[in-house]
Amino acid sequence: MIDALPEKGVPGDQVLAELRELRGADLPTHGGQLFAYVYDPARPGLDALAVAAHALSYQVNGLDPTAFPSLLAMENALVAAAARLLGGGAETVGSVTSGGTESLILAVKAARDAHPEIEQPRLVVPSTAHAAFAKAAHYLRVELDVVPVKGLAADPEAMAAAISRDTVLVAASAPSYAHGVIDPIPELAAAAAGQGVRFHVDACFGGWILPYLRRLGADLPPFDLSVPGVTSISVDLHKYAYAPKGVAVLLHATEELRRPQYFAYADWPGYTMVNPVISSTRSGGPIAAAFATLRNIGDAGYLDLAARTREAVTILAAAVTATDGVRLYAPASTSVVCLASDGADLFVLADELAARGWHTQPQMAYADFPATLHLTVTAAVRETAEAFGPDLEAAVAAAKARGPVPVPELPPLTPEMITPELIAGLAEGLGLGGGDFSRMAMVNTVLNASPPAVREALLAGFLSHLQRPVIQ
Ligand SMILES: *Cc1c(COP(=O)(O)O)cnc(C)c1O
């Protein structure tokens, strides 16, 4: 147990040594073998530059850009760069947010608050839309209309039919996180515009790589602000712009569209608060690190990183296709490789891949979607891609030999039954008590067999079980 408030302060060297030891338990953020959570361009010197830029600006507070014009200048530069990349025009404005979730919450908030006359505002999304839309709807008390997809992409007719008088926003993905599929943005945006409704493109994941993939010759449909009817678009800089975490951009087609996003408050005795985003006090560190990252990599650099990512995707996809027991679930046309089972148990396979150093992301079966493994591919994977095929082959053979894990005898659970005691018992029974998360097949199999509401309760309960301090 580590004491964050020791009686006497601990020397910096020692604290850093402790920190390094803690970090030793983490998955590797570099090295092209972790296919989720991290985005690694494998560019020598970039990490050191970002750290130095962060160090220059981390004390600066984004609460008041008039006090710290350096942040205003960097934010405007980041927004301008995103606008140029994503089809913005002279009217385009935007905000720097802390990430995709915040961008989406703000896009929904702006749309909701543009219509104070609508009592119960509604948001229309395809079933493949990122879970952050559900979070936004939940936080903002907006009703979520989830429309089933056709194949793996949003169905424009069904989406149009779901728009009602109370719809304040229609949204879709470019591309979807789960499968890397770009929704038919022009058709969807036209349908929304036809009914006078805002349309948001969630390009949080791929917004910084799709334009470059297209320049490299990939045949990708239009998706950005240049498409008529698109009123806002979000792109995470901490994904394919390879900036350190905590930075994203939300663009609006006009300042008028952005206006209801702002929150200002003067009805108290303190300073008049005016916030474009959710946080009030904000560190300048991530913004400066993102600014330095973009300027250092530059347009030509991003084109090169996209080319390497594209090669890696091609190599990984070919490995999946060549391996008996798994199959490509979605066309690998962006930066995602998504594979489904063709005989091998995917959750056992994920453990077998992890044992060989490859960390994939299991996605549970949902509605008509089977369970899949998701691989977010970044430029660093180009270095390791060729080694993936043989390990996949071996991991699939091992998974076939082991067979699916037997599902433990559990009574049919309902969310109400999931108490802290039940979670503690499950954590013990599933071998998670010791904090070893390397063999997750059993856990994933239990989750996969449970309906979404039970999954949610189990996961929230389990995280809450982990997130308990040892108070002395
Ligand atoms: C990552 C992602 C988000 C959420 O972004 P965070 O930065 O994790 O908050 C939203 N939409 C898509 C498509 C994403 O990939």
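Per chain, residues are indexed from 1 in the order of the written sequence. Predicted model: local features are reported for residues with pLDDT of at least 70 only, side-chain atom pairs are reported and counted for 80 or more only, and whole-chain, interface and lining totals are derived from all residues. For the side-chain quantities, the full set of heavy atoms in the structure was used; hydrogens and water were omitted.

- Identification of the protein chain as Putative pyridoxal-dependent decarboxylase from Actinoplanes missouriensis is taken from an unreviewed UniProt entry.
- For the protein chain, the Cofactor (unreviewed entry) comment in UniProt is given as "pyridoxal 5'-phosphate".
- Of the comments in the UniProt record for the protein chain, the one headed Sequence similarities (unreviewed entry) reads "Belongs to the group II decarboxylase family. Sphingosine-1-phosphate lyase subfamily." UniProt positions are given in the numbering used here, feature names are shortened, and annotations may be inferred rather than shown by experiment.

**Considerations on helix α15 (residues 452–466)**
- To qualify as a helix, a DSSP run of H or I must reach at least 4 residues; to qualify as a strand, a run of E must reach at least 2; elements of each kind are numbered from the N terminus. Here a helix's expected span is defined as the number of its residues, less one, multiplied by 1.5 Å. Compared with an ideal rise of 1.5 Å per residue, which puts 15 residues at 21 Å, α15 spans 21 Å between its outermost C-alpha atoms and is within 8% of the ideal.
- Buried within α15 we find Val-454, Arg-455, Leu-458 and Phe-462. The buried residues of α15 occupy an angular sector of 100° when projected down its axis, which confines them to one face. Only protein chains enter the area calculation, which uses a 1.4 Å probe; residues under 20% of their type maximum are buried, those over 50% are exposed, and those in between are partly exposed. What the arc measures is the spread of directions leading from the helix axis to the C-beta atoms.

**Overview of the nonpolar core**
- Here, nonpolar core means buried Ala, Val, Leu, Ile, Met, Phe, Trp, Tyr and Cys residues that are tied together by side-chain atoms lying within 4.5 Å of each other. Ranked by size, the top nonpolar core spans 72 residues in total, and within it Phe-199, Val-201, Trp-208, Phe-223, Leu-237, Leu-251 and Tyr-302 carry the most contacts.
- Broken down by element, the residue count for this core peaks at nine residues, all from helix α10 (residues 285–322).
- The domain limits used here are those given by an automatic or database domain assignment. Taken together, domain 1 (52–292) and domain 2 (299–402) each give at least three residues to this core, which thus spans both.
- Not counting residues up to four positions away in its chain, the partners in contact with Phe-223 are Leu-86, Ala-174, Ile-182, Ile-185, Val-201, Ala-203, Leu-210, Pro-211, Arg-214 and Ile-233.
- Judged by nonpolar contacts, the second largest core, of 43 residues, contains Ala-350, Val-381, Ile-423 and Leu-458. Two residues qualify as a contact provided that any one of their heavy atoms is within 4.5 Å of a heavy atom in the partner residue.

**Considerations on the packing of helix α2 (residues 46–57) against α10**
- Between α2 and α10, the shortest axis-to-axis distance is 7 Å and the interhelical angle comes to 140°. It follows that α2 is oblique to α10 by the angle criterion. The hand of the α2/α10 crossing is right-handed. Residues Leu-46, Leu-49, Ala-50, Ala-53, His-54 and Ser-57 of α2 lie in contact with α10, whose contacting residues are Gly-285, Pro-286, Ala-288, Ala-289, Ala-292, Thr-293, Asn-296 and Ile-297.
- In this classification, Asp, Glu, Lys and Arg are treated as charged, Ala, Val, Leu, Ile, Met, Phe, Trp, Tyr, Cys and Pro as nonpolar, and every other residue, Gly included, as polar. Looking at the contact of α2 with α10 residue by residue, the class counts come to nine nonpolar, five polar and no charged. Axis angles are defined between N-to-C directions and span 0 to 180 degrees, where every axis is a line fitted to C-alpha atoms and, for a helix, only to the segment in contact. Oblique is the label for any angle not covered by the other classes, which are roughly parallel (under 35 degrees), roughly antiparallel (over 145) and roughly perpendicular (65 to 115). In this scheme the handedness of a crossing depends on how the near helix is turned from the far one: anticlockwise by less than a right angle means left-handed, clockwise means right-handed.

**Comments concerning the sheet that holds strand β10 (residues 326–328)**
- On the basis of which strands lie adjacent, the open sheet formed by four strands has the order β10-β11-β13-β12 and antiparallel pairing. Each having just a single partner strand, β10 and β12 (361–363) make up the two edges of the open sheet. In this sheet, neighbouring strand axes are inclined to one another by 30° on average, regardless of whether the strands run parallel or antiparallel.
- At least two bridges found by DSSP between two strands is the condition for calling them paired. Across five bridges, the pairing between strand β11 (residues 336–341) and strand β13 (residues 372–376) is antiparallel. Following the sheet pairing, Val-337 is matched in β13 by Leu-375.
- Taken strand by strand, helix α11 (residues 346–355) contacts β10, β11, β12 and β13, and its axis lies near 35° from that of β13.

**A short note on the packing of α10 against helix α12 (residues 381–402)**
- Running from N to C, α10 and α12 cross one another at 5°; their axes reach a closest spacing of 9 Å. Overall, the two elements α10 and α12 adopt an arrangement that is roughly parallel. Along its contact with α10, which presents Arg-308, Glu-311, Ala-312, Ile-315, Leu-316, Ala-319, Val-320 and Ala-322, the element α12 presents Val-381, Arg-382, Glu-383, Ala-385, Glu-386, Phe-388, Gly-389, Leu-392 and Glu-393.
- In the contact of α10 with α12, the residues fall into ten nonpolar, one polar and six charged.

**Observations concerning the site of the ligand**
- Neighbouring residues are identified by heavy atoms, a residue being near a molecule or strand if any of them is within 4 Å of it. Looking at the ligand, the residues that line it are Gly-99, Gly-100, Thr-101, Leu-104, His-130, Tyr-177, Asp-202, Cys-204, Phe-205, Asp-236, His-238 and Lys-239.
- With respect to the ligand, the side chain of Thr-101 contributes an N or O atom lying 2.6 Å from an oxygen atom.
- Residue exposure ignores everything except the shown protein chains as possible cover, and the areas themselves are Shrake-Rupley values with a 1.4 Å probe. In isolation the ligand has 370 Å² of accessible area, and contact with the protein removes 85% of it.
- Ranked by the residues each element gives to the shell around the ligand, the list is headed by helix α4 (residues 100–113), at three residues. Two N or O atoms count as a polar contact when they lie within 3.5 Å, although within protein this holds only if one can serve as hydrogen donor and the other as acceptor, and sequence-adjacent residues are included solely when both atoms are side-chain atoms.

**Thoughts on the pattern of salt bridges**
- Each reported salt bridge corresponds to a side-chain nitrogen of Lys or Arg within 4 Å of a carboxyl oxygen of Asp or Glu. Inspection of the entire model under this criterion finds 13 salt bridges.
- Note that Asp-145 and Arg-122 form a salt bridge whose closest N and O atoms lie 2.7 Å from each other. Taken together, the residues Asp-145 in strand β3 (residues 143–147) and Arg-122 in strand β2 (residues 122–126) connect sequence positions 23 residues apart.
- Arg-356 serves as the salt-bridge partner of Glu-352, at 2.8 Å between the closest nitrogen and oxygen.
- For Glu-352, a relative accessible area of 10% puts it in the buried group.
- Judged by relative accessible area, Arg-356 falls into the partly exposed class, the value being 27%.
- One network of salt bridges, in which partners are shared, links Lys-109, Arg-112 and Asp-113.

**Details of the UniProt feature "modified residue: N6-(pyridoxal phosphate)lysine" (unreviewed entry) in the protein chain**
- The positions that UniProt labels "modified residue: N6-(pyridoxal phosphate)lysine" (unreviewed entry) are, in the present scheme, Lys-239.
- With respect to the secondary-structure elements, Lys-239 resides in the loop between β6 (232–236) and β7 (248–252).
- Its relative accessible area of 15% is what places Lys-239 among the buried residues.
- Residues in contact with Lys-239, not counting those within four places in the same chain, are Tyr-39, Cys-204 and Phe-205.

**Regarding the sheet that holds β2**
- One open sheet holds the seven strands; their spatial order is β1-β7-β6-β5-β4-β2-β3, and the pairing between them is mixed. The open sheet has two edge strands, β1 (93–97) and β3, and neither has a second partner. If you compare each strand with its neighbour and ignore which way they point, the axes differ by 20° on average.
- By the bridge criterion, five bridges tie β2 to β3 in an arrangement that is parallel. Bridging from a neighbouring strand, Val-124 pairs with Asp-145 of β3.

**As for the domain arrangement of the protein chain**
- What the domain assignment lists for the protein chain is domain 1 (52–292), domain 2 (299–402) and domain 3 (415–466).
- Measuring from the centre of the C-alpha atoms in domain 1 to the corresponding centre in domain 2 gives 29 Å.
- Taken together, the contact pairs 25 residues of domain 1 with 23 residues of domain 2.
- A combined buried area of about 2100 Å² lies between domain 1 and domain 2, and 63% of that area is made up of carbon and sulfur atoms.
- Buried area: the sum, over both parts, of the accessible surface (1.4 Å probe) that disappears when the two are put together. Per-residue buried area on domain 1 facing domain 2 is highest for His-179, Leu-216 and Tyr-242; these three make up 25% of the total on that side.
- Note that Asp-299 and Arg-215 form a salt bridge whose closest N and O atoms lie 2.6 Å from each other.
- At the boundary of domain 1 with domain 2, the tally comes to twelve residue pairs in polar contact (both at pLDDT 80 or more).

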